[in-house]
Amino acid sequence: MPDHAPPDVDVPSLTALLDGTYAEIRDLTRKRLVEHAQVLTDAREMPREEFRERVLQVVQELASTGQTGMGFPVQYGGGGDIGASIAAFETMAFGDLSVLVKVGVQFGLFGGAILQLGTKKHHDAYLERLVRAELLGCFAMTETGHGSNVQALGTVARYDVEAGEFVITTPDASSRKDYIGNAAAHAQVAVVFAQLVVGEESQGVHAFVVPIPGDEGRWLPGGRGWPILCRLA
């Protein structure tokens, strides 16, 4: 084959073109990836429980810079720019995917559910702390027997009129929330999707902020998954 000279590429210009509108955000994210590059080695060398704590440390350090909260309202400590949030998250995928998934669960699924499905009451109670990664949470939609078929979810939230509380239960094994990211070690609360029943009438699927059973956000001893039985005022 004939020899060919390498193409003459203006790398800075090409990078700016590919990075687009959020070039500054993408560049900042790449710098953060370099700062935390050791986590790629840690993923191979650390025991699982130790590595989970390492990932949490990285996520909390990123949160302290404001990088992970760009999509949240400014009044709750966010950046008020969802496009910047997407650009940062996309670029973060060039690093360790364990960090990426934890960021996605904490700030995308859990935080996004609080922001988009909650009211001002929930925003005031949770957003500022979750943006700082002080309050860790998870997104409890998927069930063993129903996957992500939201209409068929089996978890039930029954409103107790006399007590003024919601009683949330998993009535059978197929309704267990067994695949919930962040729930195994660090989440303190979850946004739980359940069938709301008032009286004997179904009101469809609603979302509830539910404390994780057990001390420090962990499952109760002997738990095989995450059955729910709790009362919420």
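This write-up is about the structure you can find in this document.

So, how was this worked out
- Residues numbered from 1 in each chain as written.
- Predicted model: local features only at pLDDT ≥ 70, side-chain atom pairs only at ≥ 80, totals over all residues.
- Heavy atoms only, no water.
- Helix = DSSP H or I, 4+ residues; strand = E, 2+ residues; numbered from the N terminus.
- Buried < 20%, exposed > 50% of the residue type's maximum accessible area, 1.4 Å probe, protein only.
- Areas by Shrake-Rupley, 256 points an atom, 1.4 Å probe, with all protein chains shown as cover.
- Lys, Arg positive; Asp, Glu negative; His and termini not counted.
- Charge placed at Lys NZ, Arg CZ, Asp CG, Glu CD.
- Core = buried A, V, L, I, M, F, W, Y, C linked by side-chain atoms within 4.5 Å.
- Contact = heavy atoms within 4.5 Å.
- Expected span 1.5 Å × (residues − 1).
- Arc of directions from axis to C-beta.
- Phe/Tyr/Trp six-rings, centres within 6.5 Å; stacked < 30°, edge-to-face > 60°.

Moving on, we come to the overall build of the protein chain. Helices and strands together make up the secondary structure of the protein chain, namely 7 helices and 6 strands. Its helices and strands in sequence order give the protein chain the pattern α-α-α-α-α-α-α-β-β-β-β-β-β, from N to C terminus. Projecting the C-alpha coordinates of the protein chain onto the three principal axes gives extents of approximately 80 × 40 × 35 Å. Looking at the protein chain as a whole, 40% of its 233 residues qualify as buried. Taken as a whole, the protein chain presents about 13,000 Å² of accessible surface, with 56% of it coming from carbon and sulfur. For the protein chain, the centre of its 19 positive side-chain charges and the centre of its 29 negative side-chain charges are spaced 4 Å apart.

Right, let's get into the nonpolar core. Formed by 32 residues in total, the largest nonpolar core has its most connected members in Phe72, Val99, Phe107, Phe110, Ile114, Leu127 and Leu130. The set of elements that each furnish at least two residues to this core consists of α4 (48-65), α6 (97-117), α7 (120-131) and β4 (189-198). Considering every element that reaches this core, the biggest residue donor is α6, with 8 residues. Non-local contacts of Val99, meaning those with residues more than four positions away in its chain, are made with Val39, Val55, Val58, Val59, Leu62 and Met92. One finds Val105, Ile180, Ala183 and Val210 within the second-largest nonpolar core, a separate group that totals 15 residues.

An ideal rise of 1.5 Å per residue puts 16 Å on 12 residues; α7 measures up with 16 Å between its terminal C-alpha atoms. Along α7, the residues that are buried comprise His123, Tyr126, Leu127, Leu130 and Val131. Taken down its axis, α7 places every buried residue within 120° of arc, on the same side. The inward-facing, buried residues of α7 contact α4, α6 and β5 (201-211). The positive-phi residue at the C-terminal boundary of α7 is Ala133, with phi of around 60°.

This structure, assessed with the given rule, holds 3 aromatic pairs. Each residue in the set Tyr159, Phe166 and Phe208 is aromatic and connected to the rest through ring pairs, giving one cluster.

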